[in-house]
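Residues per chain, in single letters:
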Amino acid sequence: MFKSIKIKNLRAITELEIENLGQVNLLVGQNNCGKTTLLEALFLIIGRTNPRLPLSINSFRGLEFLSNEYWDSFFNKMDTNSSIRISAILHDTQEEQKLVIRPVIQKQTTVEPVSSDIVSVRIQNGDSKPGFAPMGLELTYTSSQDPSVKAISSIFLKGNELTAEGTKESALRGVFVGPATKYDWRNRLASIQRKKRVGELISSLKEIEPDISDIRINEIGILEADIGLRKLIPVNLMGGGIANSLSIILAMLDSQDGIVLVDEVEDGLHHSIQKKIWKAVFKWAQELNVQVFATTHSNEGIRAFSNSVDMPLFGSEAKLFRIERKDEKFRAVEYTRELLSESLESNWEVR
Amino acid sequence: MPSPNEALSSINSKKVIAVEGKDEINFFNALLRHMNITDFYILEIGGKGQFPKKLPALLKATGFYLADGSSSVTHLAIIRDRDEDEAFKSVATIVTNAGLKPPTKHSEFSNGSPKVGIFIMPGETIDGTMLEDLCLKTVENHKAMTCVNEYASCISALEPIPKNIPKAKVQVFKAQVFLAAQPEIVDSVGLGAQKKYWDFESHALDELKEFLIKLK
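We now turn to the structure provided with this report.

Reading the values: the criteria
Residues numbered from 1 in each chain as written. Chains lettered and ligands numbered in written order. Predicted model: local features only at pLDDT ≥ 70, side-chain atom pairs only at ≥ 80, totals over all residues. Heavy atoms only, no water. Helix = DSSP H or I, 4+ residues; strand = E, 2+ residues; numbered from the N terminus. Rg over C-alpha atoms; globule rule 2.2 N^0.38 Å. Buried < 20%, exposed > 50% of the residue type's maximum accessible area, 1.4 Å probe, protein only. Contact = heavy atoms within 4.5 Å. Areas by Shrake-Rupley, 256 points an atom, 1.4 Å probe, with all protein chains shown as cover. Lys, Arg positive; Asp, Glu negative; His and termini not counted. Charge placed at Lys NZ, Arg CZ, Asp CG, Glu CD. Core = buried A, V, L, I, M, F, W, Y, C linked by side-chain atoms within 4.5 Å. Pairing = 2+ DSSP bridges.

**A closer look at the overall build of chain B**
What chain B contains, in helices and strands, is eight helices and four strands. Secondary structure elements in chain B, listed N-terminal to C-terminal, are β-α-β-α-β-α-β-α-α-α-α-α. For a compact globule of 216 residues, the expected C-alpha radius of gyration is about 17 Å, and chain B comes in at 18 Å, within 12% of that figure. Seen along its three principal axes, the alpha-carbon backbone of chain B occupies a region of about 60 × 40 × 35 Å. With 216 residues in all, chain B has 51% of them scored as buried. A fraction of 64% describes how many contacts in chain B between residues 6 or more apart in sequence connect residues 24 or more apart. Looking at chain B as shown, the accessible area adds up to about 10500 Å², and 52% of this sits on carbon and sulfur atoms. For chain B, the centre of its 25 positive side-chain charges and the centre of its 27 negative side-chain charges are spaced 4 Å apart.

Take a look at the structure:
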């Protein structure tokens, strides 16, 4: 579980530090203030040396297309001279984890002065030079537990071939739930089935859709639910609210001792359902030791979050952070459960 | 509890006035409009006991501080009833605990960022403990006040005294009776101010106006 995070030069964020993270964190702020980028930074540091994750966070934004044109878009102002730096401190051990992302540069060098027309191409890692486009990313991960050990991985495009090198499994589990991953249920349900938690899933979903009694994967991988009709119904046809609820609850049940990141948590949810979802999130966060980061723009969603924290022992672990941006300055304003409650009671804007 | 979709309000002025309740909001909106002070954001704290909890929340509200940490708000005026002798000291302590610089004297602003001013109603120059005292002072020479005072004396002499006329707050009773004698009856001093039943040109308001003019 992360206690704090510091981000430099990732996408729009020049520099942002957030301390005193709770176990369940709601992130608010105006458009383009960096909320989703914060989730992405967390996703990257969770995955540490998995060099495919930068491509994953692009796909979460609906950008599946892969091209050398997009490598610099990860860097603030597309300036690849300034490396991306993400560091996080773990709550229990105080271990500091650092991830540095640099461009892999395609450098043109003349190797044989035989003919001025002959130019060779080689891959160079490190600082970029004007005129040399990146062809990939290099990720360097270090931990304060053993600062001398650097785990380096990279991903790059050469021709049309994508190559990932140096990948190592991360001990920490992270799941990203967003509009682009809303229907990404199949593998997660399979994992829940393996862990024998389908009963708990149904129990949580019943709070939202009382008629649901079972949920299964059919022969072509589509999730179907039993809601008392003469045959099972594809969950996709049960409405956006149940779809989003299912995504969030599946992520929680599949992330014991890990981290769940939810972009636009209110997506498709009526405020009465939002309160039920938050109750489920708090319940599973506590029981399965899951840390949660969720973004929202919704006033109703914030009230649902605040009104759902009714577990006295867990109350201090529920936080709201407003990410503020003015030009190139970023900061996070921390609300404890009590401050949030006082603010909402007075109808003072917290977003 | 507010409804799930009740609108939230951002701080939209550099001058913020924090008062106790809705009655005060109505009163100060009317008085400030009379003084041609229009650029301010007024909010209710919800009673003197709420200040320790609400002030830290107010400082977090969207628009109070900028993303670079500087204060967007230049002036924060805190106005509450006296009720007790140590009211100024109590508010000053709450301001200090919230990380702001309080003024050293009543009716003045500090030189902090934001500048914090404290005014304890009805002011140091008026006897009493609350807004109603000030309102009544502005109309003390109104011909209806003779009747109001006589009625209050008569009612107060009853045995047992009616429960809705507490001795310590006879001014609330008087204010209600005064308002009952106006062309269109309203049930609070704030709405009375909106109807201009209190005399905003009265010298009784000089000390308060001197404080509020610093927000201009």
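**Some details on the overall build of chain A**
Along its length, chain A carries eight helices and 17 strands. The C-alpha atoms of chain A give a radius of gyration of 22 Å, which matches the 20 Å a tight globule of 351 residues would have. Reported as C-alpha extents along the three principal axes, the dimensions of chain A are approximately 80 × 50 × 35 Å. Going through the 351 residues of chain A one by one, you find that 54% of them count as buried. Pairs at least 24 residues apart make up 66% of the contacts formed inside chain A by residues separated by at least 6 positions. Taken as a whole, chain A presents about 16000 Å² of accessible surface, with 46% of it coming from carbon and sulfur.

**Topic: the nonpolar core**
Within the largest apolar cluster, 85 residues are counted, with the highest numbers of intra-cluster contacts made by A:Ile215 and A:Trp278. The next biggest cluster of nonpolar side chains, apart from the first, holds 46 residues, and it includes B:Ile42, B:Ile126, B:Phe200 and B:Phe211.

**Remarks on the sheet that holds strand S13 (residues 233-234) of chain A**
Residues and elements named next belong to chain A. Sheet architecture is open: three strands sit in the order S11-S12-S13, paired in antiparallel fashion. The sheet is open, and its two edges are formed by strand S11 (214-217) and S13, each paired on a single side. By the bridge criterion, two bridges tie strand S12 (residues 223-226) to S13 in an arrangement that is antiparallel. Bridge pairing links Ala225 to Ile233 in S13.

**Notes on the pairing of strand S9 (residues 161-165) of chain A**
In terms of strand pairing, strand S8 (residues 151-158) of chain A meets S9(A) through five bridges, oriented antiparallel. Note that in S9(A) the partner of A:Ser154 across the bridge is A:Glu165.

**Some remarks on unusual backbone geometry**
Of note, the bond from B:Ser113 into B:Pro114 is cis; its omega dihedral lies within 30 degrees of zero at 5 degrees. Tracing the backbone shows B:Pro114 in the loop between helix H3 (87-97) and strand S4 (115-121). With an omega of 5 degrees, the peptide bond between B:Met121 and B:Pro122 qualifies as cis. Checked against the element boundaries, B:Pro122 lands in the loop between S4 and helix H4 (131-138). Non-glycine residue A:Met78 carries a positive phi angle of around 60 degrees. With respect to the element layout, A:Met78 can be found in the loop between helix H2 (53-60) and strand S4 (84-90).

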